[in-house]
Structure formats: structure tokens, C-alpha cells
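This is what each chain is made of:
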Amino acid sequence: MKNTSPAMQTLPARRGGNYLGLGTYLGLAGALLAMIVLFSLLSDHFLSYQTFSTLANQIPDLMVLSVGMTLILIIGGIDLSVGSVLALAASAVSVAIVGWGWSVFPAALLGIACATLAGTITGSITVAWRIPSFIVSLGVLEMARGVAYQMTNSRTAYIGDSFAWLSDPVAFGISPSFIIALLVIFIAQAVLTRTVFGRYLIGIGTNEEAVRLAGINPKPYKILVFSLMGLLAGVAALFQISRLEAADPNAGAGLELQVIAAVVIGGTSLMGGRGSIISTFFGVLIISVLAAGLAQIGATEPTKRIITGAVIVIAVVLDTYRSHRARRQG
Amino acid sequence: MSASVQTAVLSVSGIGKTYAQPVLGDVDLTLMRGEVLALTGENGAGKSTLSKIIGGLVTPTTGQMEFQGQPYQPANRTQAEKLGVRMVMQELNLLPTLTVAENLFLDDLPRRAGWIDRKRLRENAIKAMAQIGLEAIDPDTLVGDLGIGHQQMVEIARNLIGDCHVLILDEPTAMLTSREVEMLFEQITRLQARGVSIIYISHRLEELARVSQRIAVLRDGKLVCVEPIARYNSEQLVTLMVGRELGEHMDMGAREIGEVALSVKGLSRAGKVENVSFDVRRGEIFGISGLIGAGRTELLRLIYGADSADSGGIEVGQPLKAVTIRSPSDAVEHGIALITEDRKSEGLLMSQSISANIALGNMHSISKAGLVNAGDELKLAQRQVDAMRIRSSSPTQLVSELSGGNQQKVVIGRWLERDCPVMLFDEPTRGIDVGAKFDIYALLGELTRQGRALVVVSSDLRELMLICDRIGVLSAGRLIDTFERDSWTQDQLLAAAFAGYQKRDALLNEAAPRNDS
């Protein structure tokens, strides 16, 4: 059956055509641009170096968490524990440095290891007993937060400036943590679209049974995605420690909703099988610019929340409309 | 009834429908009172579109319709149903967790002061079921507890509540056992006697010849004939449908039957499969026949490790060696492939391209160090598209846009890249049009010539008799008998299929539980 036809080599490859076309990015970029223009008109100070560097300084945590969450949504899962896991990692780092006198790198590794373990536990339980990850991660959310309080006696630990280099701008207001987060995004996008692992994730999210019956065991891949989510929560914890120069066991409370919102605004499907890291990056930018802009024009906290919530809903409605139309035309 | 047969109930003229491309063009058709009109054609010929237009689900792009002498332009299904034009779709529209009576009257439950009037509901349901001769089914039975055949009857009964002048049945026998088919035919005759006109869509030609008086054949969206069905034999009808001759006899080509490639030893799974053993040799097609629910699919899934066996095992390889198979990935490692019955839910990534679907399971040949080579992926897909003659615009086309036959070829194409010496096919031609069927048969022949051992499960006995070297018959989970080519008859095979069910009534009771107590 390997009779090769000579006419076949000439077909143009549709780059990334299976996933999201350029059109999606244009839509998201347009929305972002519109938002920037709007806030520039409403506030004289918005379009400034200051805003830009503040944003670049603040979003790396959200960026890396959203990358992990995108992969999880693609396999049809969800992880509500990311905020708590971040706090768990931060607590582990603070205990290692303040309590045990460890130096920065081993402490950082310990934090990341704890977070990765937490993610692996969520993934393993989800896969082994076929429980929805929603409920497993809800349990892990509570447990991770509890362990964080236990370790720190519920107190914020001041770590000092040993991690500060991560969030100190090196050029144009850009810090090493922002650069690391960007690298994570580009690597993850490449992994998703160009590797066997990425293909399997999309396959699992589209039709797990078909993947299994094609002779591929989906379980290790699913667990691995949750482990990666944990690892990235650990990295985000380091970014946060470096910015605050402290480790707070209350850190990241409610962060999971912000992360999921960013991913969904980017157009990743909650039903699995469809998503893009680059789109998620736009989602992060949109939600962050919105927050920064609203703050600058002096919106009150309640107003900010109402508007942010509305933007999330509108984004999902637009996305649903778009995919319906795409299906009809297909 | 003979006088009224001449009255037209429904006529359509110049009906056409265009989506991105025209799918139906310029159809003229008249339906007489009390007749059964067979509507047939290959998949994608426009049967469903035409029936949906009549049923009010789709608005035609061109043409007019007349119903009982009045212009007929249903805006939606409800409007068509009000006038008495009803449609039973392929997928049943019942709620399995509700009772038969509740399903029958779901849109208008009898109420008293806001509460459901159970007594009246029950009475009405008994009346409705009696209309089609199903007094035997207790209306308080949960629909989910009924056999699929009876569910279909309930669906039909629901459509007969209120006025019904035209009833469209879309592939009503696809899921039925032959006994249930008989039951359906009896009901069709009754309805006909009541003056109901029926449009019967199917591509099972022998059925059409039995129930219908006239046949309408669609090909590529055009009506190619409307004639009394008695004028054609099935070969002529196939020619009309596909527009070319197809040989009735299948020459699978010269091939060598070699060593045993797969030996199944006493496989069992509680309640499904009981102590099944057989051998399949290289170059051989071993057919598995039996009624629906006899354990055919379950047997293949056990061999493939998709479900785990309670006892028994398999041997593969040369020389034969017992292997442990706990999962499909184990099976694939030992050179066993399974092409599942349900392509959509178990075979394909519907929202993905042909190339992504073929690549799934072949990553080793198109990737290096975990990185997919996009060029190789496309070449692989193109190779299979050419080899399998998959009709598509390009390998990047989405599989959801392909016809059933071409989707099946994508699934098979995925496996051809891996040299699996043992291939298990579960209903490889279900829901596939006649032309594509013969492509699949030719492919099976080609696979045996390469020395592979094939196991083919099919509900179509004639298909098995056409392509198999041996046929094993499963009945109630047990392998009753194995027949050699040239030593079988259709009657023997059928008798074996029923042999496992000791009394015929056992089947009936299973299908329709009654609350006699």
C-alpha cells in the first residue's frame, strides 16, 4: 500500500491550518488596539512608558499560568488550583530561605518541585479514577492553600531582594521575568503545533476514545499536562516573590478565574480540542490593559469588576458566534 | 383502497437546494395516497435534503410544493407536522429516562390543575400504541429499557398521534434485527391500509422491493427515475444509483493462505462473550456474523484490548506466541489493528484535517525527536489519499466535510501505514454507499494479497458471503459454528445466528419488558 504518486509533492502546506488561522490573531489584535486607543483618548497618561513598564512588570505571572491553562483546556480539563499552588510554591521558597537558610537556587527549585508535585497529583487522580478535573482541582485548591498556611503559620515572610533581579528592568522597562514568560509562550506554541506531544493533546481534547483506539495511551500525556501546569505555577510564584520581595500564603487567591478568563478571551475552547498559546497571550494582554486602563481613568473597584466581567462574557459570545459561522461555512 | 391510490397527496415540482454547491436540482415528484414510495440513491445523492425539505426542516432554494391541492410551504417542522407531514429521522428523538407514555405525549401532556393526569396519559398511550399493533408494550416502561426496534416503533407511534397523511422514514431499519424489520413492515402495511402515504428512504434494495410500490432514485441531486419497483432487479437499481455497472461476483484475487497469524483462545467477558476460540491465517478473511447484541463488537474489542477479558487470551506472531494485551497500545505493538464500527465517536477526530487524522497513530514515521515534520505529514496523507482514492479537495480538508465512505477510508488509511499483520474490521461498510463499498472490498482483497489476516464483522450476510473465506457465527456471545466458503448457505448461517437463543421468545422478552404483575 505504499505506492507513491508522483503528483503529490506540490501541495502547499496550510501552516497551522488545523488550529487557528491568522484571522483570529487579527481579531484579537484589533480588539487590543481598540482598547489602547480608547484609553489613550480617555486618559492623557495612558499611552506612556510608565504604563508600558508597569504592565510588562506585572503580567509575567499571568502569562505563564495562562500557557499552562491553555494546554489543560485543550485536553478538555480545567485546573482551579493554580492560585493556591502558586501560594504553596511561594511558601516553600520562603520556608527554605528564611527558616532553613537555603540559598536562592535550591530554594527556587524546591518551590517549583512542590508546585509540580501538586499538579501531578491533580492529574494522576483525574486520570486514574476518571474524575472531572474540575472537582479534583477544587480539592487540591483547598489542600494546597492549607499546606501553605501550615508551612508559614499563615504569616507573610519577607525574603528580601535575593529574587529582585528577576523583575528589575534590564532594558526598555523589560525584566528578565517578562523575557522568560515570552520564551515560555513561544516554546509552548511550538510544542503545541509542531510536536507529537502537542498533536496528541489536541487529539485527546477532540476525541480521547479515538486516540486510545488508534493505539495511543492518552493517560501519561494527560498527567504530564497537569504536571506542566504545576511547574508553571511554581515559576509564576518566583516572579511574584521577586516583585513583592515577600512570600504570602494568601497569594494568588482567585487568580484561577483571571487565568481562565484570559485563556477563554483568547478563544481557547472550554470543550477541548481547540486553542492557541499566541491567542492566549492576546487574552492576557487584553485583560491586563483593561485593568490598567480602568485604573488610570479612575474607575472604582466595583466598576472595574463589572466591566471586566462583561468583557469576558462578550468575548465568549463573539467566539461562539464565530465558530458557529465557521462550521456553517465549512 | 385501490380507488384512492390514484389521488395525489403531495407533489413537488422543480425543487432544488443550493448550499455552497447545489445538492439538489429540479426534482419533480408526486406522492399518491396510501402508497409506499421508496427513495434511494448513494450517500450524498440528496435523499436527506429532499426529505427534510418535505418535512419542513429545510427551505428549498427553488421550486414549489403542493399538499392536498393547496400550496405547501412549511416554515419549520412544527408547521409541517400540523398539516400531517411527519418525519422519523435516523437518530431517534426519544428521552430514554422517561416512559413510553411520557415520550409519546411529551409536547402535550394531559394535565389536571397543572399536574400530569397519569390515568389519561396511560389510556391515550395505550390507544396510540394499539394503532400500530403494539398493545403488548406497557406504556409505563422506560424507553431506555426497550430494544432499539421497539424504540423505533415508539417514535413512529409518536408521529402518528394527531393527523398523519405523509410519513417519511429515513433508513428505519439501519439499527434493527431482521425480526424487528418484519415487525416494522407489518406496521407499514397497516398504515398504508389507513391511507397514510409513506416515503421510505433506504439503500437496502431487497427491503425496498418488499415494501414499496414505486421507487425514486436520486443521483448527484437529480432524480434519475420514478417507476414501479417491479420493473427493476437489484442489479439494475444499483446501476441507476451509481451510474455504472458493478459486478455481483467479487473476485478477491489470487492469494496464498499461509500460517495462522492470530489464534484466539477461549476469550470471555461476563455477559458479553463466552469462551470464543478461532484461528485466522495469513491471507485469509474470517467473517463474523450474528445478530445485533450477539457479542461481535465486544469480541473484537477484547482481542484489541479496548475492553479487558475475564479469561482467555490470544496468540500472534511467527511462530505463534501468547501475548498479554491490556490496552489498544499493547495490541498495536503486537501488530493488531482495529477499525471501529462507529467512525465518528471512536475512529476520527471529526474537526481535524485528513492529514491530522492519518498522522494520528503514525507519528513515529513523520517525526524525529518528538518534532513533527509537516512536509512528511502531508506526504503521508497524500500517499493514503491517492492509494485509498479518498475523494477530497486536499489532504488538509476537514474529515467532517467528507462522505461516510471517504471518512472510512481515512480511518483505514491510518492503519495501512503501519504494517499490522492482523486487522480487525467492525462493520467496515456501514452507512457507506454502494460504490464506496466495492472500493472497500477491493481493498480488503489487496490486504490479504499482502499476507495480512483479516477479521470482518458485518450485519450484512450477503457481504460476508461475498468476501470471506470462512464465516464464524456468534449467537448470544458464543461461537456457534464456523462455515467454509462453498459449504455455507444463507439459511444455515441464519439458523446458527439464532441457535444461541434457546427460545425465540427470550429475544422478544428482552426487547420489550412487560409489567404483567
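In the block above lies the structure referred to throughout.
From a predicted model like this one, the values you see are computed outputs, not experimental measurements. (Residues numbered from 1 in each chain as written. Chains lettered and ligands numbered in written order. Predicted model: local features only at pLDDT ≥ 70, side-chain atom pairs only at ≥ 80, totals over all residues.)

A. Region of interest: helix α18 (residues 490-499) of chain B. Residue and element names in this part refer to chain B. Among the residues of α18, those classed as buried are Leu-493, Ala-496 and Ala-497. Take α18 and look down its axis: the buried residues cluster within an arc of 105°, on one side only. Residues of α18 that are buried make contact with β15 (285-289), α17 (461-467), β23 (470-475) and β24 (478-484). (Buried ≥ 20, exposed ≤ 12 C-beta atoms within 10 Å, placed from the backbone. Helix = DSSP H or I, 4+ residues; strand = E, 2+ residues; numbered from the N terminus. Arc of directions from axis to C-beta. Contact = placed C-beta atoms within 7 Å.)

B. Here's a closer look at the sheet that holds strand β3 (residues 36-41) of chain B. All names here are of chain B. In space, the six strands of this open sheet follow the order β6-β9-β10-β3-β11-β12, with mixed pairing throughout. Here the strands that pair on one side only, and so sit at the sheet edges, are β6 (85-88) and β12 (222-228). Averaged over all pairs of adjacent strands, the angle between strand axes in this sheet comes to 20°, irrespective of strand direction. In this sheet, strand β10 (residues 197-201) lies alongside strand β9 (residues 166-170) in parallel orientation, the contact comprising five bridges. Counterpart to Val-166 in the pairing with β10 is Ser-197. (Pairing = 2+ DSSP bridges. Axes fitted to C-alpha atoms, helices over the stretch in contact; angles between N-to-C directions.)

C. A look at the environment of Pro110(B). Mapped onto the fold, Pro110(B) is located in the loop between α3 (100-104) and β7 (111-112). Separated by 14 residues in the primary sequence, Pro110(B) and Asn124(B) have C-alpha atoms spaced 9.1 Å apart.

D. How the structure looks around unusual backbone geometry. Gln318(B) connects to Pro319(B) through a cis peptide bond whose omega is 0°. Relative to the helices and strands, Pro319(B) is located in the loop between β16 (311-316) and β17 (321-323). Phi at Ser154(A) takes a positive value of approximately 60°, unusual for a residue other than glycine. Positionally, Ser154(A) belongs in the loop between α6 (133-152) and β1 (157-158).

E. Quick look at the packing of helix α4 (residues 82-99) of chain A against helix α5 (residues 104-128) of chain A. Residues and elements named next belong to chain A. Between α4 and α5, whose axes approach to 8 Å, the crossing angle comes to 150°. The angle between the axes of α4 and α5 places the two elements in the roughly antiparallel class. In the crossing of α4 with α5, the sense of the turn from one axis to the other is right-handed. From α4, Val-85, Leu-88, Ala-89, Ala-90, Ala-92, Val-93, Ala-96 and Ile-97 reach across to α5, where they touch Ala-107, Ala-108, Leu-110, Gly-111, Ile-112, Cys-114, Ala-115, Ala-118 and Gly-119. Its residues assigned to classes, the contact of α4 with α5 comprises 15 nonpolar, two polar and no charged. (Parallel < 35°, antiparallel > 145°, perpendicular 65-115°, else oblique. Left-handed = near helix turned anticlockwise from the far one by under 90°. Nonpolar A, V, L, I, M, F, W, Y, C, P; charged D, E, K, R; others polar.)

F. Representation of the interface of chain B and chain A in the model. Contact residues are listed per partner, giving 40 residues for chain B and 31 residues for chain A. In terms of residue count, the dominant contributor to the side of chain B that touches chain A is helix α14 (residues 374-387) of chain B (eight residues). Taken together, the residues that form the side of chain B that touches chain A break down as 19 nonpolar, 15 polar and six charged.

G. Expanded view of the pairing of β10(B). All names here are of chain B. Across the five residues of β10, five count as buried, placing the element largely inside the fold. Neither face of β10 is exposed, since Ser-197, Ile-199 and Ile-201 on one face and Ile-198 and Tyr-200 on the opposite face are all buried. Judged from the four bridges that link them, β3 and β10 form a sheet pairing that is parallel. For Leu-37, the partnering residue across the bridge sits in β10 and is Ile-199.

H. How the structure looks around helix α11 (residues 277-296) of chain A. Residues and elements named next belong to chain A. With 20 residues, α11 ought to run about 28 Å at 1.5 Å a step, and its terminal C-alpha atoms sit 28 Å apart, in line with that. The buried fraction of α11 amounts to 15 of the 20 residues, a majority that puts the element mostly inside the structure. Looking one or two places after α11, you find Gly-298, whose phi comes out positive at around 80°. (Expected span 1.5 Å × (residues − 1).)

In short, shape yes, function no, at least from these values alone.
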